Number of protein chains: 2
Amino acid sequence: MAAINRYRLSLRELQFVLFEQLKLNELLGKPPFDAWGEEEALSVLKQTARYAQEVLGPLSGSGDREGCRLEGGKVQAPKGFKDAWKGLYEAGFKTLGIPVDEGGQGAPRALSSVVEEILAGANTAFAMYPGLSAGAAETIAHFGTPEQKQRYLEPMYSGRFSGTMCLTEAEAGSDVGACRTRATKNPDGTYSISGGKMFITAGDHDLAENVVHLVLARVDGAPAGTKGLSLFIVPKIRVRADGSLGEPNDVQVARLEEKMGLHGSATCQLAFGDDGKCLGELVGTQENLGMPQMFKLMNFARLLVGLQGVAIASSAYLNALEYARERKQGPDFKRFKDPSAPKVTIVQHADVRRMLLDMKARVEGIRAMILTLAAHHDRALALAGQDDAKAAYHQGQVELLTPLVKSYSSDQAFQICATAIQVLGGAGYTADHPIDQYLRDSKVFSIYEGTNHIQAMDLVGRKLGLAGGAHLKSFLTDIATFVARHQNHPALGEAVGSLARAQEAVAGSAKTFLGWSQSPEKAELIPANANRFLDMMSELTVGWLLLDQAVIAGEAAAKLGAEHPDQAFYAGKKYAALYFARNVLPTVADKARLVAGEDRSAIEVPDAALG
Amino acid sequence: MAAINRYRLSLRELQFVLFEQLKLNELLGKPPFDAWGEEEALSVLKQTARYAQEVLGPLSGSGDREGCRLEGGKVQAPKGFKDAWKGLYEAGFKTLGIPVDEGGQGAPRALSSVVEEILAGANTAFAMYPGLSAGAAETIAHFGTPEQKQRYLEPMYSGRFSGTMCLTEAEAGSDVGACRTRATKNPDGTYSISGGKMFITAGDHDLAENVVHLVLARVDGAPAGTKGLSLFIVPKIRVRADGSLGEPNDVQVARLEEKMGLHGSATCQLAFGDDGKCLGELVGTQENLGMPQMFKLMNFARLLVGLQGVAIASSAYLNALEYARERKQGPDFKRFKDPSAPKVTIVQHADVRRMLLDMKARVEGIRAMILTLAAHHDRALALAGQDDAKAAYHQGQVELLTPLVKSYSSDQAFQICATAIQVLGGAGYTADHPIDQYLRDSKVFSIYEGTNHIQAMDLVGRKLGLAGGAHLKSFLTDIATFVARHQNHPALGEAVGSLARAQEAVAGSAKTFLGWSQSPEKAELIPANANRFLDMMSELTVGWLLLDQAVIAGEAAAKLGAEHPDQAFYAGKKYAALYFARNVLPTVADKARLVAGEDRSAIEVPDAALG
């Protein structure tokens, strides 16, 4: 099969969120984003879109079919990935979001997030390699010694080296603290590393000259659990002080996983020190800081998973829409019994339109949620030192929204792909269209970077109570302010009322969780209901931001002539918001009633009764 | 990878539904099931389970990896399928449900359905071949001439020939009436067939000596639409009057589809008469009866899809349960901050238990719904001629439940597989476990044999109004009777109250649909809400049958000693029913409110506004 590009994106939509909704202009041209204006930002978006369409997109289907190969202990990525990697680094896409003082281009996170969405959407498996590499490099940039930064950062920023994050072990999955990989300090200050890691993304490949593993391990004698873990730089090939490559470092690929999707991404089991010759160096100078060092970047990693989700879901939606506009099947509903009635395109059938509008609303609302988080990050940075209270507010929203972004986007991406397949019917089940691959690729998003239940527990067990509950309070107040301002909106007022009821439901359930946390006999209701609450709060956020978009779109449309090409785009915003407000927002209060019901059946059912 | 059997089933559960809930004993030993007693039925279940575990199950994973191959115009099924096919027919599994006077064993459909579930669960792709073959044979048995029955049935019942149903064309998917395949009558009474069909399951393979295609085509000059379609017997190799094989019949495999799942099942594009030499014979003696002939068997075909769904979902659940009982990860919730706390199996974590109980309730409730449909069929047969009013009631429930069984089971199977993957975490995303394959295999169930929207339209557009609404009325009355009888049940009374509210919600929404059907400006709300109503009615049915099981289990448990091994099984019934009543049944009324909201956003959104 010839390489075809099946990635679809809407630059108009991306611009709308960045500039019309999030008002990125307010930040551009000022510290720390001095170097950036609207023109530069738009140019980067267009460049990225071109690279995605021309280079990455055509390699997505072929990479899925070909997969990675493990030969002679080395992993080969699919054909074309090596050149794409080279081009990606040459174009500078991966240093966009890195601060200027760390050697990057210092773009706002809202902008670099859109770039990451486009890269991930065009070729999710490929984008995993530079994605993990960037995470590893940033960890070294934050916590490494000057000498480590000197030795590793430039090669990693330029794509000569890649990087990994090695946390998971066979017996330590979600329970990271059960880590058994050991580090033994040598007289020269290096550490001998021994142990096995699994599910290591980009664990080995032929795209870069070297792979810099960041390995979580326990130094001999360190405390049990997460508090005794340290982080080590363990290159596949040793790097001399002058930066040149030395001997291989006793890191073996024990296995290449066979997965449902992301076939082009090398998911490896790695063995460190099987021959006793694996050397690592501690990140920074102090032991037992592995977890906080890892966690520092966790927010960003989780944002990236959210972006992967919306990236795939968006292209699935746009592919389904394209198909629905071309495929003729059956007559119009009003003439369905008349065999002489002309066939219509399926976009005209009510159920297909329902599926399309459902996908559109979810995709656009989730993207707005993700980029809102990114914009909070940017505003926190811009305000730091100038208005610390406001900066703290923005950083608080980053904390609060991160688990929603990671979980809701990943769960919904999978569901949106399933809906897109349904729009295509039998054709959607075949490899003739990309959605089969999208669905397979997206399933793991709900699992990696902390399962969605871990996210939900982070939300209800930690984030709701942060700063004495201030972040949640600000979030609820922001929505209440929106409600007060727009409840009498002529076209949207009723929908805003639905938002208000959802806001009250979330506020009520948050209090219920607080009550449970203070009652030992009810504490187990927290994990039993955490995912439900995360969904409620996500739907509230998505519904709010869709209505916000609809208000903005309505105002913008009123200023344009009736024939302006943007009228259709802005009208779409109204319908997406109305659809979501009428079909999804009411379920928030419904779920709150289930929370209040305090069902204990899953807690009480005896093991043996399960089957 | 060595062939391993990963199919899991619970014979105890299957027995419970058949004998304790559906009281199959009342039918056994009497016409038309004279030949069957409980012992024979149990023996068949055990035999089927053994064949599934020993022969079919081990070929499921290998068949998925190997797939089918198209070589020299012929399709080869995966290794081992040919022997499995032979064994299946030798054991007589495929003639179980065929009436005695048609050459079968005349087992009740409830029993043959369980057999089909086991076959489909052990190896879904394999079971497609005999499944379609049985459908084709039954069509000939019902509508063929005596000479056709004589020539085709015995070879098809014995597995020497297989069969297909050829409806779909590239330009006629869900819109069957757009069929372009032509049939031209020849002077000798045969018809020359020309045209192409696609998505033909088991369209070609090497399991049988011949493939008997049943092809929907339009005789020259016949009316447009579905009313002008006729059904033809078109064997791959011509069959002489004495039953021996003659010349090839100009049926070519134009393509073998590359699909997301069901890799072991050969989905073909077929070209009939490219060389002008394809001969078919009309099924029966009258033209233009193709659609009613196809539809006669549609109920059974849709039941089979429902069975495929529950078959896969059940094994996905039992695999996840097995994993959750073995996999240790993290400490108990109450000691989660203590690194010295012992690790526990994940079945002890509240969120995992929630997922497991959710899957269990859905799987067992859906199976109960499907087998209830089958039992209605059996009772309609048993009562025909004796008590025609009662027989009509049972047949009416078959009609009403068929779209629910096909759609809800298929949609839920996919979701249950996704939940099962989540229980396993990263491991669930790999080919080390069967659930990745289950998820890929199951996605098409919501599409074929009439998409789930077609089912929903069949329900709201046809089945609700059949017999002046009598079937729906009986259905609602049955539930009301159950509510009246058990609303004060000590353990289940509250849950029965939830059932009552769901019943009222379904009754109310049914009236809303009736109103819409009488108002031209509201008619389009029907397709826009049909799937939602189908879900509501399915959840009502599942909730009811789970509570019915819980009542029966409670009574049975009370008669047993506290240490009896069945106590845990019966306790499971109570928790499944309570879980569903508290977490799913309330959403039925929630959905009814959305129906009542008459949202028109998806109907009104302009095409151009979609993106």
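Just so it is clear, the structure is predicted and the values come from calculations on it, not from any experiment. (Residues numbered from 1 in each chain as written. Chains lettered and ligands numbered in written order. Predicted model: local features only at pLDDT ≥ 70, side-chain atom pairs only at ≥ 80, totals over all residues. Heavy atoms only, no water.)

Colleague: Please explain the overall build of chain A as it appears in this structure.
Modeller: Tallying secondary structure elements over chain A gives 19 helices and 14 strands in all. Principal-axis analysis of the C-alpha atoms places the extent of chain A at approximately 80 × 60 × 60 Å. Here chain A holds 611 residues, and the buried ones make up 65% of them. Residue pairs in contact within chain A that sit at least 24 positions apart in sequence constitute 74% of those at least 6 positions apart. Taken as a whole, chain A presents about 21,800 Å² of accessible surface, with 53% of it coming from carbon and sulfur. Considering chain A, the positive charge centre built from 64 side chains and the negative charge centre built from 70 side chains are found 4 Å apart. (Helix = DSSP H or I, 4+ residues; strand = E, 2+ residues; numbered from the N terminus. Buried < 20%, exposed > 50% of the residue type's maximum accessible area, 1.4 Å probe, protein only. Contact = heavy atoms within 4.5 Å. Areas by Shrake-Rupley, 256 points an atom, 1.4 Å probe, with all protein chains shown as cover. Lys, Arg positive; Asp, Glu negative; His and termini not counted. Charge placed at Lys NZ, Arg CZ, Asp CG, Glu CD.)

Colleague: Help me understand the packing of aromatic side chains in this model?
Modeller: The relative placement of two aromatic rings is captured by the distance of their centres and the angle of their planes. For the structure on display, the rule yields 27 aromatic pairs over all chains. Ring centres 6.0 Å apart and planes at 10° place the aromatic pair Phe333(B) and Phe336(B) in the stacked group. Among the aromatic side chains, those forming a connected cluster through ring pairs are Phe16(A), Phe569(A) and Tyr570(A). The ring of Phe569(A) carries the charged tip of Arg12(A) above its face, separated from the ring centre by 4.5 Å. (Phe/Tyr/Trp six-rings, centres within 6.5 Å; stacked < 30°, edge-to-face > 60°. Lys NZ or Arg CZ within 6 Å of the ring centre and 35° of its normal.)

Colleague: Would you take a moment to explain the relation of the copies chain B and chain A for this structure?
Modeller: In this arrangement, two copies of a chain are superimposed by a rotation about an axis accompanied by a shift along the axis. With an axial shift of 0.0 Å and an RMSD of 0.0 Å, the rotation relating chain B to chain A amounts to 180°. Considering both components of the superposition, the chain copies are consistent with a two-fold axis. Identified as the residue of chain B closest to the rotation axis by C-alpha distance is Asp590(B), at 3.4 Å. Mapped onto chain A, 100% of the interface residues of chain B are again interface residues, and the two copies thus contact each other with one and the same surface. (Least-squares fit on C-alpha atoms with pLDDT ≥ 70 in both.)

Colleague: Just checking my understanding: could you explain unusual backbone geometry for this structure?
Modeller: With glycine set apart, most residues show a phi of negative sign, and most peptide bonds adopt trans. Residues and elements named next belong to chain A. Here Pro31 and Pro32 are connected by a cis peptide whose omega angle stands at 0°. The topology assignment puts Pro32 in the loop between helix H1 (11–21) and helix H2 (38–56). Phi is positive for Lys23, which is not a glycine, with a value near 50°. Residue position: Lys23 is located in the loop between H1 and H2.

Colleague: Would you mind going over the packing of helix H14 (residues 470–486) of chain B against helix H15 (residues 493–517) of chain B with me for this structure?
Modeller: Each pair of packed helices can be described by the angle between their axes along with the distance between the axes. All names here are of chain B. Contact geometry for H14 and H15: axes closest at 9 Å, N-to-C directions at 160°. With respect to each other, H14 and H15 are oriented roughly antiparallel. At the point where H14 passes H15, the crossing takes the left-handed sense. Residue-level inspection shows Leu472, Leu476, Ile479, Ala480, Phe482, Val483 and His486 of H14 in contact with H15, the latter providing Gly493, Val496, Leu499, Ala500, Gln503, Val506, Ala507 and Ala510. When the residues that make up the contact of H14 with H15 are grouped by side-chain class, the tally is 12 nonpolar, 3 polar and no charged. (Axes fitted to C-alpha atoms, helices over the stretch in contact; angles between N-to-C directions. Parallel < 35°, antiparallel > 145°, perpendicular 65-115°, else oblique. Left-handed = near helix turned anticlockwise from the far one by under 90°. Nonpolar A, V, L, I, M, F, W, Y, C, P; charged D, E, K, R; others polar.)

Colleague: Looking at this structure, how should I read helix H5 (residues 109–122) of chain B?
Modeller: Note that an α-helix has 3.6 residues per turn; residues three or four places apart therefore point the same way. Compared with an ideal rise of 1.5 Å per residue, which puts 14 residues at 20 Å, H5(B) spans 20 Å between its outermost C-alpha atoms and is within 8% of the ideal. In terms of burial, H5(B) is largely enclosed, as 14 of its 14 residues are buried. (Expected span 1.5 Å × (residues − 1).)

Colleague: Would you take a moment to explain the environment of Leu585(A) for this structure?
Modeller: Residues and elements named next belong to chain A. The residue Leu585 is located in helix H18 (residues 585–596) in this model. For Leu585, a relative accessible area of 2% puts it in the buried group. Sequence separation between Leu585 and Leu499 is 86 residues, and the spatial gap between their C-alpha atoms is 6.5 Å.

Colleague: What should I look at first to understand H2(A) in this one?
Modeller: Residue and element names in this part refer to chain A. Compared with an ideal rise of 1.5 Å per residue, which puts 19 residues at 27 Å, H2 spans 25 Å between its outermost C-alpha atoms and is within 8% of the ideal. Looking at H2, one finds that the buried residues are Ala41, Leu42, Val44, Leu45, Thr48, Ala49, Tyr51, Ala52 and Leu56. Buried residues along H2 sit against H1, helix H3 (58–66), helix H4 (81–91), helix H5 (109–122) and helix H6 (124–143).

Colleague: Mind showing me how you'd approach the packing of helix H15 (residues 493–517) of chain A against helix H16 (residues 525–558) of chain A here?
Modeller: All names here are of chain A. Between H15 and H16, the least distance of the axes is 10 Å, while the angle of their chain directions is 155°. The pairing of H15 with H16 is recorded here as roughly antiparallel in orientation. Here H15 runs over H16; the crossing is left-handed. Contacts from Ala495, Val496, Leu499, Ala502, Gln503, Ala505, Val506, Ser509, Ala510, Phe513, Trp516 and Ser517 of H15 reach H16 at Leu525, Ile526, Asn529, Ala530, Phe533, Met536, Met537, Leu540, Gly543, Trp544 and Leu547.

Colleague: Even after reading the chapter, I still don't get the side chain of His486(A), so can you show me in this structure?
Modeller: All names here are of chain A. You can see His486 is positioned in helix H14 (residues 470–486). With a relative accessible area of 12%, His486 lands in the buried category. Those residues within four positions of His486 in sequence are excluded, and the remaining contacts are Gly493, Val496 and Val551.

Colleague: What is the right way to read the interface of chain B and chain A from this model?
Modeller: In many reports, interface size means the accessible area that the parts give up when they come together. With 93 residues of chain B in contact, the opposing surface of chain A contributes 93 residues. Between chain B and chain A, the buried area comes to about 7,800 Å², and carbon and sulfur atoms account for 58% of it. Of all residues in chain B, Arg353(B), Tyr429(B) and Leu610(B) bury the most surface against chain A, accounting for 11% of the area lost on that side. Here chain B is connected to chain A by 12 salt bridges. Between Glu524(A) and Lys334(B) there is a salt bridge; the shortest N-O distance is 3.6 Å. At the boundary of chain B with chain A, the tally comes to 49 residue pairs in polar contact (both at pLDDT 80 or more). Sorting elements by how many residues they give to the side of chain B that touches chain A places helix H17 (residues 566–583) of chain B first, with 8 residues. Its residues assigned to classes, the side of chain B that touches chain A shows 43 nonpolar, 21 polar and 29 charged. (Buried area = accessible area lost by both parts, 1.4 Å probe. Salt bridge = Lys/Arg side-chain N within 4 Å of Asp/Glu carboxyl O. Polar contact = N/O pair within 3.5 Å; in protein donor to acceptor, adjacent residues only side chain to side chain.)

Colleague: Sorry, what's going on with the pairing of strand S3 (residues 161–166) of chain A here?
Modeller: Strand residues, when the strand is regular, have side chains that alternate between the two faces of the sheet. All names here are of chain A. With respect to burial, S3 is a largely interior element, 6 of its 6 residues being buried. Residues of S3 alternate between two faces, with Phe161, Gly163 and Met165 on one and Ser162, Thr164 and Cys166 on the opposite face, all of them buried. Here S3 pairs with strand S6 (residues 210–219) via 6 bridges, running parallel. Within the sheet, the bridge partner assigned to Met165 lies in S6 and is Leu214. (Pairing = 2+ DSSP bridges.)

Colleague: Even after reading the chapter, I still don't get the confidence of the model for chain A, so can you show me in this structure?
Modeller: Should pLDDT be low for a region, the predicted coordinates there are not to be read in detail. On average, chain A scores 96 in pLDDT, and the residues at 70 or more come to 100%. Model confidence for the complex: the whole-complex pTM is 0.98, and ipTM, which rates the interface, is 0.97. (pLDDT = per-residue confidence, 0-100.)

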